[in-house]
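The lines below spell out each chain.
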Amino acid sequence: MKRFRIFLLLAILFIFSVDIFGQNKTIILNTKEFSPADKAELDKAEEMYLEANYLAALPIYQQLNESFPEEYYIMYRLGMCYLKKKDAYEKAVQYLKPVAENRPNSADVKFYLGVAYHLTYKFDEAITLFNEYLAQDIIKSQRPVTEQFIQYCKNAKELVANPLDVAITNIGVPINTEAAEYVPVVSSDEQVMVFTYMGRKSKGGFEDVFSSEKKKNGEWKDPTPLGENINGFDHDACIALSPDGQTLFIYKDTRDKKGEIYYSTIKGRDWDTPKPLLGEVNTNHWEGSASISTDGKTLYFTSDKPDGLGGRDIYKATLVNDSTWGNIENLGPTINTPYNDDAPFFHPDGRTLVFSSEGHNSMGGYDIFHSQLQKDGTWSAPINIGFPINSPDRDTYYVLSADGKTGYFSSGRPGGNGLQDIYTAVPGLEGYKPTIALLKGKITLDNVPAEAEITITYKNNNTTHSKLGSNSSTGEYLTMLPV
């Protein structure tokens, strides 16, 4: 039925001209010179566009633009598609600029050209366009969004003027491909990476979880999917790994559930079937990113439930017994903003929180921030991790190595292998030197690797710090301890 309605609408409009309404005046497409084949191609592109399949619509609009280079409507659609292609924002400027110059009051073109300028580091030009757009007759809901983009540009000018002395490296093949790789999760000893993949190798065409091990020469082995227990035909994404590497936290999104946090434990070399977290973390709303403390007693996670301070907020939960999570607390206005706050990573030092936010002094979309847990239980004011780790685009899912020397993150910045790639940043956090100890070993019984439960206690008061287990196949165990 949906296909029929779209086709019927276009068929009627083709009798005269195509008027597609933006928030202001229309951009009119004259189809008198269009052949039936051209109209069919336009119909196909419009259907893809209306279904938000912008990258599939792009080559069709590109071909139509080559045949009808003076049609501003086609230029506008092309520019809007290129705004969705992370390695081609300059192309968005190329096609939106002539529309803004010749049809300045049409279809919010000044706003979107401003966005394109912002994404290509032309901040002054973006501010000018945003202010011109605010002077037009726009709908009320667009005003705060536009004003926020102006603030993004001002923040960006300051951050770009004071760049970090940091080396950013695309970790390359075989991890990164022409598809999307993101949410890197790294073991405490940096020998195993688990990440989310979405591309032609995905089961069912959605997100899947892959992993790779580091070779002795420091290169990564070919990644492999975690198997049928983890990857189904819906969205399956990794979000965190416990400090001992034995528990993997997974995000699942199905037809029945909007988005929930699951966990899986490793048995030998295989991960068991994921189970939803017990207790009060998962609700009828979206719950996503998570990170667990080294003692296994506190879970930091993200939710968009309506009692928060903005869109998505970061919360913490406490382990009530061996398997149930409760005592949910919002981290409060120091961390959370009226905008989206997401992707918490709590470092094994027990003090450092790294997260992403659209608020604070973000330079555009999500930026990466860090904050310190104080002795009185409050959080220090978040600090923007800085440029060039952060960019005007979306920057998120940042994790720090145990020694703090390396940051791992995903980005769709130009020059990558595909839609999103995994990068490293050295140093991981400027001026940061955590005080932690890596505890690593192997349990054997009669010279055979053995599975065992390990309890770590404080010598001075004999209280339990944490519990962990050795791998049933290798006997190996691994964890981090704050010093």
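Read on for an overview of the structure. Everything numeric here is computed off the predicted structure, so don't read it as measured data.

### Comments concerning the overall build of the chain
Thought 1: In terms of helices and strands, the chain carries eight helices and 30 strands.
Thought 2: Against the compact-globule benchmark of 23 Å for 483 residues, the chain has a radius of gyration of 25 Å, which places it among compact chains.
Thought 3: Counting only C-alpha atoms and orienting by the principal axes, one finds that the chain spans roughly 85 × 45 × 45 Å.
Thought 4: Here the chain holds 483 residues, and the buried ones make up 53% of them.
Thought 5: In the chain, the share of contacts with a sequence separation of at least 24, taken over all contacts with a separation of at least 6, comes to 50%.
Thought 6: For the chain, the accessible area works out to roughly 22,900 Å², and carbon and sulfur atoms hold 51% of it.

### Remarks on unusual backbone geometry
Thought 1: Note the cis peptide between Phe387 and Pro388, where omega equals 15°.
Thought 2: With respect to the secondary-structure elements, Pro388 resides in the loop between strand E21 (383–384) and strand E22 (396–400).
Thought 3: Along the chain, Val426 connects to Pro427 via a cis peptide bond; the corresponding omega equals 0°.
Thought 4: Take Pro427: it is sitting in the loop between strand E24 (421–426) and strand E25 (436–442).
Thought 5: The phi angle at Tyr121 is positive, at roughly 65°, despite the residue not being glycine.
Thought 6: As for its position among the elements, Tyr121 is in the loop between helix H6 (109–119) and helix H7 (123–134).
Thought 7: Residue classification places Tyr121 among the partly exposed positions, given a relative accessible area of 37%.
Thought 8: Phi is positive for Tyr397, close to 55°, though the residue is something other than glycine.
Thought 9: Structurally, Tyr397 can be placed in strand E22.

### Re the nonpolar core
Thought 1: Ranked by internal contacts, the top residues of the largest apolar core, which has 54 residues, are Tyr61, Tyr76, Leu83 and Phe130.
Thought 2: Taken together, the elements giving at least two residues each to this core come down to strand E2 (26–29), helix H2 (36–50), helix H3 (54–67), helix H4 (72–82), helix H5 (89–102), H6, H7 and helix H8 (142–160).
Thought 3: With nine residues, the top contributor of residues to this core is H4.
Thought 4: Setting aside anything within four residues of it in sequence, one finds Phe130 in contact with Phe111, Gly114, Val115, Thr146, Phe149, Ile150 and Cys153.
Thought 5: With 26 residues, the next largest nonpolar core counts Phe195, Tyr197, Tyr398 and Ala425 among its residues.

### Observations concerning the packing of H6 against H7
To describe two helices that pack against each other, one gives the angle between their axes and the distance between the axes.
Thought 1: Contact pair H6 / H7: the axes reach a minimum separation of 8 Å and the direction vectors enclose 165°. Classed by the angle they form, the pair H6 and H7 counts as roughly antiparallel. Handedness of the crossing formed by H6 with H7: left-handed. On H7, the residues touching Lys110, Phe111, Leu113, Gly114, Val115, Tyr117 and His118 of H6 are Phe123, Glu125, Ala126, Leu129, Phe130, Glu132 and Tyr133.

### Here we look at the pattern of salt bridges
Thought 1: The final tally for this structure, using the stated rule, is 14 salt bridges.
Thought 2: Two residues, Arg77 and Glu46, come together in a salt bridge whose shortest N-O distance is 3.1 Å. Residue Arg77 is found in helix H4, and its partner Glu46 is found in helix H2; the two are separated by 31 residues along the sequence.
Thought 3: For Lys440, the salt bridge goes to Asp189, with nearest N and O atoms at 2.9 Å.

### Let's talk about the sheet that holds E24
Thought 1: In space, the four strands of this open sheet follow the order E3-E24-E23-E22, with antiparallel pairing throughout. What marks the edges here is a single partner per strand, and that holds for strand E3 (167–170) and E22. Ignoring which end each strand starts from, the neighbouring axes of this sheet average 25° apart.
Thought 2: Of the strand pairs in this sheet, strand E23 (residues 407–411) and E24 are connected by five bridges, and their pairing is antiparallel. Residue Gly407 lies in a different strand from E24, and its bridge partner there is Ala425.

### Here's the deal with H7
Thought 1: Between its first and last C-alpha, H7 extends 16 Å over 12 residues, near the 16 Å set by a 1.5 Å rise per residue.
Thought 2: Among the residues of H7, Phe123, Ala126, Ile127, Leu129, Phe130, Tyr133 and Leu134 are the ones counted as buried. On an axial view of H7, the arc spanned by its buried residues comes to 165°, and they lie on one face.

### Describing the side chain of Ser362
Thought 1: Position of Ser362 among the secondary structure elements: in the loop between strand E19 (352–357) and strand E20 (367–372).
Thought 2: A distance of 3.0 Å separates a polar atom in the side chain of Ser362 from the backbone nitrogen of Gly364.
Thought 3: Dropping the residues within four chain positions of it, Ser362 is found in contact with Tyr152, Asn155, Ser357, Asp367, Phe369 and Asn384.

### Details of empty space enclosed by the protein
Thought 1: For the structure on display, the rule yields two cavities of 30 Å³ or more.
Thought 2: One number sums up the size of the largest cavity: a volume of about 390 Å³.
Thought 3: As for the largest cavity, its lining consists of 30 residues, and the residues nearest its centre are Val185, Val186, Leu241, Phe345 and Val399.
Thought 4: Elements represented by at least two residues in the lining of the largest cavity include exactly strand E4 (180–186), strand E8 (235–241), strand E14 (287–292), strand E18 (341–346) and E22.
Thought 5: Roughly 40 Å³ of internal volume is contained in the second largest cavity.
Thought 6: Residue lining of the second largest cavity: Leu164, Val166, Ile385, Ile389, Pro427, Gly428, Leu429 and Glu430, and that is the complete set.

### With respect to the packing of aromatic side chains
Thought 1: One pass over the full model with this rule turns up 22 aromatic pairs.
Thought 2: Relative to Tyr133, the ring of Phe111 has its centre 5.5 Å away and its plane inclined at 45°; by these criteria the two rings are tilted. In this pair, Phe111 sits in helix H6 while Tyr133 sits in helix H7, placing the two residues 22 residues apart along the sequence. This pair shows no difference in class: Phe111 is buried, exactly as Tyr133 is.
Thought 3: Relative to Tyr152, the ring of Phe149 lies with its centre 5.6 Å away and its plane at 85°, an arrangement referred to as edge-to-face. In this pair, Phe149 and Tyr152 both sit in helix H8, three residues apart, roughly one turn of the helix.

### Structural notes on the pairing of E23
Thought 1: Most of E23 sits out of view: five of its five residues are buried.
Thought 2: Residues of E23 alternate between two faces, with Gly407, Phe409 and Ser411 on one and Tyr408 and Ser410 on the opposite face, all of them buried.
Thought 3: Two elements, E22 and E23, share three bridges in a ladder whose sense is antiparallel. Within the sheet, the bridge partner assigned to Leu400 lies in E23 and is Gly407.
Thought 4: Connecting E22 to the next strand, E23, in antiparallel fashion are six residues, including Gly404 with a positive phi near 75°.

So, how was this worked out
Residues numbered from 1 in each chain as written. Predicted model: local features only at pLDDT ≥ 70, side-chain atom pairs only at ≥ 80, totals over all residues. Heavy atoms only, no water. Helix = DSSP H or I, 4+ residues; strand = E, 2+ residues; numbered from the N terminus. Rg over C-alpha atoms; globule rule 2.2 N^0.38 Å. Buried < 20%, exposed > 50% of the residue type's maximum accessible area, 1.4 Å probe, protein only. Contact = heavy atoms within 4.5 Å. Areas by Shrake-Rupley, 256 points an atom, 1.4 Å probe, with all protein chains shown as cover. Core = buried A, V, L, I, M, F, W, Y, C linked by side-chain atoms within 4.5 Å. Axes fitted to C-alpha atoms, helices over the stretch in contact; angles between N-to-C directions. Parallel < 35°, antiparallel > 145°, perpendicular 65-115°, else oblique. Left-handed = near helix turned anticlockwise from the far one by under 90°. Salt bridge = Lys/Arg side-chain N within 4 Å of Asp/Glu carboxyl O. Pairing = 2+ DSSP bridges. Expected span 1.5 Å × (residues − 1). Arc of directions from axis to C-beta. Polar contact = N/O pair within 3.5 Å; in protein donor to acceptor, adjacent residues only side chain to side chain. 1 Å grid on protein atoms, 1.4 Å probe; cavity = no way out; pocket = protein on both sides within 12 Å on 5 of 7 lines; lining within 4 Å. Points joined across faces, edges and corners; volume = space filled by probe spheres on them. Phe/Tyr/Trp six-rings, centres within 6.5 Å; stacked < 30°, edge-to-face > 60°.

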